Amino acid sequence: MSLITGIGWVTVSGMGHGRESKDFALSAGQLPSISRKSVFEKPYQHFGRMDEFSRLGLAAIAFALKDAGLDEWTRMRDMGILASTVYGCLQTDIDFFDTVMPGDDQSPSPALFSYTLPNCFLGEAACHFGLMGAAYVINEAYSSGLSAVCNAMDGIACGEFESTLAGVCDLGCPTHFPLEERGVPGAVFLVIEKTPRSGCLPYGSLTMDKNGDIMLDGKKTEDLVGLVKECLRQLNN
Amino acid sequence: MAEGEYRSKEVWVTDVSAVTALAHDLDGLWHRILSGDTSIKPVRRFPVDRYTSRVASLMEDLIRPGDQSLTHALLDRLFRKTGPVPSDAFLVTATTKAGIDNLERLRHKIPADPNDILLASIPDIASKMLGLGGRAINISAACASSAIAVARGAALIATGRADAVLVCCLDVVTEFVFSGFSSLGALSPVPCMPFDRERNGLSLGEGAAALMLMSRERAEREGMPHLGTISGWGIAGDAHHITAPARDGRGLIKAVGLALNNAMLKEEDISVISAHGTGTVYNDLMELTAFRYLFGHRRLPVYSVKGAIGHTMGAAGGIEVALGLKTLSEQVVPPTVGLSNPEDDAAGLVSPFAKEMKGDYLLTTNSGFGGTNAAIILKKGEKM
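Conventions used here
- Residues numbered from 1 in each chain as written.
- Chains lettered and ligands numbered in written order.
- Predicted model: local features only at pLDDT ≥ 70, side-chain atom pairs only at ≥ 80, totals over all residues.
- Heavy atoms only, no water.
- Contact = heavy atoms within 4.5 Å.
- Buried area = accessible area lost by both parts, 1.4 Å probe.
- Salt bridge = Lys/Arg side-chain N within 4 Å of Asp/Glu carboxyl O.
- Buried < 20%, exposed > 50% of the residue type's maximum accessible area, 1.4 Å probe, protein only.
- Helix = DSSP H or I, 4+ residues; strand = E, 2+ residues; numbered from the N terminus.
- Pairing = 2+ DSSP bridges.
- Domains from an automatic or database assignment.
- Polar contact = N/O pair within 3.5 Å; in protein donor to acceptor, adjacent residues only side chain to side chain.
- Nonpolar A, V, L, I, M, F, W, Y, C, P; charged D, E, K, R; others polar.
- Disulfide = S-S within 2.5 Å.
- Core = buried A, V, L, I, M, F, W, Y, C linked by side-chain atoms within 4.5 Å.
- Lys, Arg positive; Asp, Glu negative; His and termini not counted.

Trainee: Could you clarify how one ought to interpret the interface of chain B and chain A in this entry?
Mentor: When the parts of a complex come together, some accessible area is lost, and that lost area is often used as the size of the interface. On the chain A side, the residues contacting the 61 residues of chain B number 62 residues. Contact between chain B and chain A buries roughly 5,000 Å² in total, counting both sides, with carbon and sulfur atoms accounting for 62%. Counting the contacts that link chain B with chain A gives 6 salt bridges. Two residues, aspartate 93 of chain A and lysine 97 of chain B, come together in a salt bridge whose shortest N-O distance is 2.8 Å.

Trainee: How do you make sense of the pairing of strand 3 (residues 79-85) of chain A when you look at a structure like this?
Mentor: Where a strand is regular, its side chains alternate between the two sheet faces. Residue and element names in this part refer to chain A. With respect to burial, strand 3 is a largely interior element, 7 of its 7 residues being buried. Burial along strand 3 is two-sided: the residues Met79, Ile81, Ala83 and Thr85 and Gly80, Leu82 and Ser84 are all buried. Of the strand pairs in this sheet, strand 3 and strand 5 (residues 163-170) are connected by 6 bridges, and their pairing is parallel. From the neighbouring strand, isoleucine 81 faces strand 5, where its bridge partner is leucine 165.

Trainee: Before we go on, may I ask you to explain the domain arrangement of chain B in this structure?
Mentor: Residue and element names in this part refer to chain B. The domain boundaries assigned to chain B delineate domain 1 (5-221) and domain 2 (231-380). The straight-line distance from the C-alpha centre of domain 1 to that of domain 2 is 19 Å. Domain 1 puts 61 residues into the contact, and the matching count from domain 2 is 62 residues. Buried area between domain 1 and domain 2, both sides added, is near 4,800 Å², and the carbon and sulfur share of it is 69%. With a shortest N-O distance of 2.6 Å, arginine 197 and aspartate 344 are connected by a salt bridge. Summed over the shared surface of domain 1 and domain 2, the result is 22 residue pairs in polar contact (both at pLDDT 80 or more). Listing elements by their share of the side of domain 1 that touches domain 2, those giving two or more residues are strand 1 (11-20), helix 1 (26-34), helix 5 (145-158), strand 6 (164-171), helix 6 (175-183) and strand 7 (207-215). With 10 residues, helix 5 is the largest single contributor of residues to the side of domain 1 that touches domain 2. By residue class, the composition of the side of domain 1 that touches domain 2 is 39 nonpolar, 13 polar and 9 charged.

Trainee: Just to check I follow, could you spell out the state of the cysteines for this structure?
Mentor: Covalently bonding the sulfur atom of one cysteine to the sulfur atom of another cysteine gives a disulfide. All names here are of chain B. The final tally for this structure, using the stated rule, is 0 disulfides over all chains. Here cysteine 168 is not disulfide-linked; the sulfur of cysteine 169 is the nearest cysteine sulfur, at 6.5 Å. Looking at cysteine 192, it has no disulfide partner, and the nearest cysteine sulfur is the one in cysteine 143, 13 Å off. We classify cysteine 192 as buried; its relative accessible area is 1%.

Trainee: Just to check I follow, could you spell out the nonpolar core for this structure?
Mentor: Note on soluble globular proteins: their nonpolar side chains tend to be buried together. By size, the foremost hydrophobic cluster in this structure holds 90 residues, and its most contacted members are Val149 of chain A together with Ile230 of chain B. Examining the composition of this core, we find that 10 residues originate from one element, helix 5 of chain B, more than from any other. Looking at which domains feed residues into this core, each of domain 1 (5-221) and domain 2 (231-380) of chain B supplies at least three. Among residues more than four places away in sequence, those in contact with isoleucine 230 of chain B are Val11, Val13, Val150, Ala154, Leu213, Ile376, Ile377 and Leu378 of chain B. By size, the runner-up hydrophobic cluster in this structure holds 77 residues, among which are Met50 and Ala62 of chain A together with Phe176 and Val177 of chain B.

Trainee: What is the right way to look at the side chain of arginine 77 of chain A in this model?
Mentor: Residues and elements named next belong to chain A. With respect to the helices and strands, the residue arginine 77 is situated in the loop between helix 1 (52-67) and strand 3. Buried and unpaired, arginine 77 has no salt bridge, with aspartate 71 as the nearest side chain of opposite charge at 7.1 Å. Arginine 77 has contacts with Leu70, Glu72, Phe129, Gly130, Leu131, Met132, Gly133 and Arg197, leaving out every residue within four places of it along the chain.

Structure below.
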């Protein structure tokens, strides 16, 4: 059994975390602009140089850690970060390859290339928050958003880490790109811990059965949105 | 699941296949590496005159089918060498850029299937080719992608959530990745020289591997061969930089520690190390630092296959697990192709020549962008 101790998100409806805001929804539309000041109180010089996908994911991770009381740190922590995504950093891929195309007086951009892997924002989050656990991205064509949560439960069961962030991150399909829209844009992360490190009261307990079904306090949950909404409902009751 | 239950399932490898530019099957690859051959040659697939290197390890005879990505042709070639896969197998794939060649074509206004660009296209294509109907995911964690996919597959079996998992990994060399590594100054102008004093960067390579993992119970029930065991795995981050390794090797040290703990082994149980060994100055130094910290005075044999087949990115870990099983089976440490004058700390560990060995456990490691590190411990199985 593991506990959900933090929830953070950036969606079309806004950005925030579970103990601060009840307005959580994941829907189609335009994501809010993410500035450093809208997420971090302290200067974070590097943030503005990241690609949009990394800023989205990093912001949701920051809110989740703040919600769990784990955003401040002095020693490296054994915490993983697992994220699922459909489009990943496709927009950054396009931007980078446009610097490779012949004809212009430009060279391939190393700054853009550094963000053409969808796991790079996990590395940014690991650096900023001192997280040394497993960090990787999971890709499925269509998903309930629970893949990262399932992998988190496996990782904790196998002793790979004591706690982890798990969630989804997607900017949506790049504008005018010939792919159908799958899912909605936004990032949502949960902090899942075997034993809570801060004094925060957990939202609920998570278990997983052998079929990979995720249960919140013994009740099966169908997708990540439903899981987050149930957590927020329980907190407010 | 109950605490402690996860170790009740032993994870066997029952089939392996690999295709690279050096050979179209694992046996051929093994023999050519033992001969000290390399497939790193001048690139003809795309123009390279603007870049800092002109060499890579490519399957220049790989033909793109219509508007599809080269990934289709590579998977087709791989599955011709792969044994039967149970239809209920859980599929875990690994790739860093999937069919990014199709993004290049679309930007050049050439017809191409955009679906192939998505990382999730790989499990989709592989499932269809193999007629699988079960769950399928792709893992993306830079150059540690397939080592992590092996770890995830092993965890699925160890926890009892699956009893057959096919791990399938691949990446192709495209102008996209070639130009990117060139822009970072990471490409060696000559075929890479892992752990050599004169090393000056990596050489890109393309390839694919498939590893059939089964619970011991199912493998025995179905009479499958026991080619080896995934005894332990560990994944850890540097929390240092997204494109440069932590020079103290802290993430790799932690990953190996987790793998040893997971396998319930001690450092002295490991007989040989298949290193990531990219040939970049900082990666190789970082690895040597980590191995010295972990194994102290022991002069464990270490090798890298990247001088022979290039850095196959998301496929590297899977191909190296396949070759690691071969190393244990043959009890021969393959040569580090490209090496002539070892780095100080590597002297006596790495060799340009094949050497006999004795031992049951091999450690294989990979590291990648994002500061990620993965370690897998393999146990010797029956003769391959």
